[in-house]
Amino acid sequence: MSRHLARGPVRGSERALAPDLARGFMLLLIVVANTPWYLWGRDGDRLSAHPEAESFIDQVTQGIIVTTVDLRVYPMFAFLFGYGIAMLYQRQIAAGTTEKDARVLLQKRNLWLLVFGFVHALLLWFGDILGAYGLAGLLLVWLFIRRRDVTLIVWSAIGAGLLLALTLLTVASVSAIPEGSDGGAEQPFDIYFIIEAANGESNYFASALTRVGFWLFLIFFQGIFSLAVPIAILLGIWAGRRRILEEPAEHLVLLRNVAIAGITIGWLGGGARALAKVGIWEVSDPMMFAFEQVQLATGLAGGVGYVALFGLVGYWLRGRTLGIFGTGIVAVGKRSLSCYLAQSVLCAPILAAWGLGLGQHMYSANMAVYAIAVWLITVVGAYILEKRNQRGPAEVVLRRLTYGKEARPPA
């Protein structure tokens, strides 16, 4: 551990139930959200990562995923990431670490997350989210970690206002296109080439170059330009300062209102696009992409709403016995980095064309079942590590790189 730090990593006794519970369940949503991107080898272009449904159960599966998962998980993860930033910073300051050294520690951790993300994309998965949060963390810690709470809220409101304005402008612009017109282009964009180039490529080394290229675009788009992720991180920092998830009893009204409003907005926005995706609501291709912007904007509300819901669940579970399954989910949350990377290990070599190539032969419903099975495997693995009082391997490496050689496993 660096001699400039007054303490090491978080100890087991300092962890709160709600954040770990939320992270554990969030990883189920992440693996489900990633499923359509592994379904390669379909004929024709499409405007969505979800392929054409082959059956009614595929339609139902896609409808559920689009409504409740797509573009909702990234803001949820971002909020928890920001919350963790605030908690790490506050623990160091409370222990006597100077503000400068605490900021250096945060930036060192963010930089290593960016490196983890690059390696993850190079080896397995172009849709890596670690790099986006590492990049956003570097920028936001530099700009906001010393700012007052009101500053965080004001800038979050400004970002949310810009996101809402962009969404309304996009919908209004598309609505102004005369009925039957294509808006001057056959398709606004073709998403399918990303899937085919990244996971439909049989040459592993060629696919690696493709993955890194897409990843470089995604870390800037998701981490900064999407607005949803930076806003969620700022809100997470604000919530972490107020210990909202550690002390839910003091914030029940806020948690309840945010959960109800956020999830309702998130599901309404996702539901509109789901109806169009499964063919119940016939819309033009440009309007489908307008719905994508609607889904992004409402996904911010939905993701924060999910976090608030788990804050309430954490409050309800306080003092109760979690049972084997509940303990396993919390164990996943404690080892979220390792379990997140394990998902790619269990998916990419089996589903991508450079591996076994099974993604070509799967569809939405059985792919969702596969994703749930992958998550359950990580639950079992995390539970075993929890019983052995062992950290996840990725957490061990990240802590050693962040805190130095003297970093010890927390009690």
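In what follows, the structure referred to is the one given above.
Reading guide: rules and limits
Residues numbered from 1 in each chain as written. Predicted model: local features only at pLDDT ≥ 70, side-chain atom pairs only at ≥ 80, totals over all residues. Heavy atoms only, no water. 1 Å grid on protein atoms, 1.4 Å probe; cavity = no way out; pocket = protein on both sides within 12 Å on 5 of 7 lines; lining within 4 Å. Points joined across faces, edges and corners; volume = space filled by probe spheres on them. Helix = DSSP H or I, 4+ residues; strand = E, 2+ residues; numbered from the N terminus. Nonpolar A, V, L, I, M, F, W, Y, C, P; charged D, E, K, R; others polar. Buried < 20%, exposed > 50% of the residue type's maximum accessible area, 1.4 Å probe, protein only. Contact = heavy atoms within 4.5 Å. Expected span 1.5 Å × (residues − 1).

Draft legend 1. Molecular detail of the layout of surface pockets. Of the voids in this model, the largest pocket is the one considered here, and its volume is about 1100 Å³. Contributions of two or more residues to the lining of the largest pocket are made by helix 1 (17–34), helix 3 (73–95), helix 6 (149–175), helix 7 (192–199), helix 8 (204–225), helix 9 (228–241) and helix 11 (285–317). Among the elements that make up the lining of the largest pocket, the one with the highest residue count is helix 11 (seven residues). Here the residues of the lining of the largest pocket sort into 33 nonpolar, nine polar and four charged. In this model, the second largest pocket occupies a volume close to 430 Å³. Residue lining of the second largest pocket: 20 residues in total, with Ala160, Ile265, Ala297, Leu300 and Ala301 positioned closest to the centre.

Draft legend 2. Representation of the side chain of Ser338 within the structure. Inspection of the secondary structure assignment puts Ser338 in helix 13 (residues 336–351). Ser338 gets classed as buried once you look at its relative accessible area, which sits at 13%. Among residues more than four places away in sequence, those in contact with Ser338 are Gly392, Pro393, Ala394 and Glu395.

Draft legend 3. Fine view of helix 2 (residues 56–68). In a regular helix each residue adds 1.5 Å, so 13 residues correspond to 18 Å; helix 2 covers 18 Å between its end C-alpha atoms and thus fits that length. Elements in contact with the buried residues of helix 2: helix 1, helix 10 (252–277), helix 11 and helix 14 (364–387).

Draft legend 4. Region of interest: the environment of Gly134. Within the element layout of this structure, Gly134 appears in helix 5 (residues 130–144). Separated by 21 residues in sequence, Gly134 and Leu113 have C-alpha atoms that sit 5.1 Å apart. When neighbours within four sequence positions are excluded, Gly134 is seen to be in contact with Asn110, Leu113 and Leu114.

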